[in-house]
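As a plain string of letters, each chain reads:
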Amino acid sequence: MTIINELKLAKELIKFPSVTPIDAGIMKFLEKKLKTLGFKTTVLEFKEKDSKPVKNLYARLGNKGPNFCYAGHLDVVPAGNLKDWIVNPFKPSVKKGYLIGRGANDMKSSIAAFVSAVSNFVANKRKFNGSISLLITGDEEGIAINGTKKVVKYLKKKKEKIDFCLVGEPTNPNKLGEMIKIGRRGSMTGRLSIIGVQGHVAYPQRANNPSTALVQILKQLKEIKFDNGTKDFQPTNLEITKININNSADNVIPGLANATFNIRFNNKHSSSSLKSKLNAVFKSITKENKSKFKVEYMVSGEAFLTKPNQTTYMIQDIIKKMTKIKPKLSTTGGTSDARFIRKITPCLEFGLVGKNMHKIDESVSLSDLKKLTNIYTNILENYFK
Ligand SMILES: [Zn+2]
């Protein structure tokens, strides 16, 4: 039986310049690797108007239940200025106990760790009761419309049953073992335009300055106390990210004022409950100011929480045993593909230390990579016990 070495595989994966949404041949490469372990594989290519096609992979070993799935992404963010790196980001090399390269942390090494774990597990236990599957996307770092979202839809349609999913994103803030993610906050962006009447600054009675309403609105938005947080979640927070009045003259009252805000919300709210709350503010203030408003919302995900179950606690115990740290069950941080996967199966997230993801000289400590492989191997052994 082939044993796949996690460091070797991590290096091989990093060599592909799979900068989102470019595949660069990486999905085929991983598919071949998984076939050597006996997986049945399907490459799923999705595209949409105005977007490049994206390759995704679903692979399954075994045809019985329960089906334990690992999810992750093989696309990476751009490297930035190559000259700033101490190694070529797509020619990974090991320096002082760290593997350096784009994707070393987020998250090619984690995928390598899981594939290596499967090879260890299968070598010890050729026959096990159930299936192991991988859901790998090439569209996580980008707009994420042709990735996990569509794979989940496809799996649902095919009635593919997944009993538990482990998402391998980097979850630990500083040390391996600190944090498991069991949910995520929701995220919604709003683009607000206030429409007034343009005019001469000396004759304000003939104009209606939209900035007056905008300033009042933004002040009020910042003053809303959405909630105090919950046992599992931080308080909901709104940040104004852009304020823009496109005016080239100093003696003209502008006709239009724009602002953009983002709100990270917990499961006391939904995107639609927030929209009504915010729209009420826009309505009343623009009414007072006799101006008009337009708002466009983009929801990247609703807040969700996976209630910890037996598998969650089993995984928590294994991590504690292997790292001597009891991982916190957390919902902090940005969104991840778990927001799509949780629609078909309970899931949690556990991977590497995320300290230097997306940075220059992105790296993974070799000892963490080894430990993560052992943790994943142990999880499989316990899950199929
Ligand atoms: Zn990632």
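Residues numbered from 1 in each chain as written. Predicted model: local features only at pLDDT ≥ 70, side-chain atom pairs only at ≥ 80, totals over all residues. Heavy atoms only, no water.

Caption draft 1: Broad picture of the overall build of the chain. Within the chain, the regular secondary structure consists of nine helices and 19 strands. In terms of overall dimensions, the chain has C-alpha extents of about 85 × 45 × 40 Å along its principal axes. Burial analysis of the chain (385 residues in total) assigns 53% to the buried set. Carbon and sulfur atoms form 51% of the exposed surface of the chain, whose accessible area is close to 18300 Å². Distance between charge centroids for the chain: 3 Å, based on 65 positive and 32 negative side chains. (Helix = DSSP H or I, 4+ residues; strand = E, 2+ residues; numbered from the N terminus. Buried < 20%, exposed > 50% of the residue type's maximum accessible area, 1.4 Å probe, protein only. Areas by Shrake-Rupley, 256 points an atom, 1.4 Å probe, with all protein chains shown as cover. Lys, Arg positive; Asp, Glu negative; His and termini not counted. Charge placed at Lys NZ, Arg CZ, Asp CG, Glu CD.)

Caption draft 2: Up close: the pairing of strand S2 (residues 54-61). A large share of S2 lies buried, amounting to seven of its eight residues. Pairing analysis gives seven bridges linking strand S1 (residues 40-46) to S2, with the strands arranged antiparallel. Pairing of Leu44 across the sheet is with Asn56, part of S2. Relative to strand S6 (residues 131-137), S2 is paired through five bridges, and the arrangement is antiparallel. Across the sheet, the residue bridging to Arg60 is Ser133, located in S6. (Pairing = 2+ DSSP bridges.)

Caption draft 3: Quick look at helix H1 (residues 6-15). Considered for burial, the residues of H1 that qualify are Glu6, Leu9, Ala10, Leu13 and Ile14. Along the long axis of H1, the arc covered by the buried residues comes to 135°, so they all point the same way. Exposed positions of H1 whose direction lies more than 90 degrees from the buried face are Lys8 and Lys15. At its buried positions, H1 is contacted by helix H2 (26-36), strand S5 (98-100), helix H3 (108-124) and helix H9 (366-383). Backbone nitrogen of Leu7 and a side-chain oxygen of the N-cap are separated by 2.9 Å at the start of H1; the cap is Asn5. (Arc of directions from axis to C-beta. Contact = heavy atoms within 4.5 Å. Polar contact = N/O pair within 3.5 Å; in protein donor to acceptor, adjacent residues only side chain to side chain.)

Caption draft 4: Geometry of the sheet that holds strand S12 (residues 237-244). Read across the open sheet, the four strands follow the order S12-S14-S10-S15; overall the sheet is antiparallel. The sheet terminates laterally at S12 and strand S15 (292-301), the two strands that pair on one side only. The sheet shows a mean angle of 15° between the axes of neighbouring strands, taken without regard to direction. Alignment of strand S10 (residues 186-195) against S15, held across nine bridges, turns out to be antiparallel. Counted as the bridge partner of Ile195 is Lys292 from S15. On top of the sheet, helix H6 (residues 271-288) reaches S10, S12, strand S14 (256-265) and S15; it is set at about 165° to S15, its chief contact. (Axes fitted to C-alpha atoms, helices over the stretch in contact; angles between N-to-C directions.)

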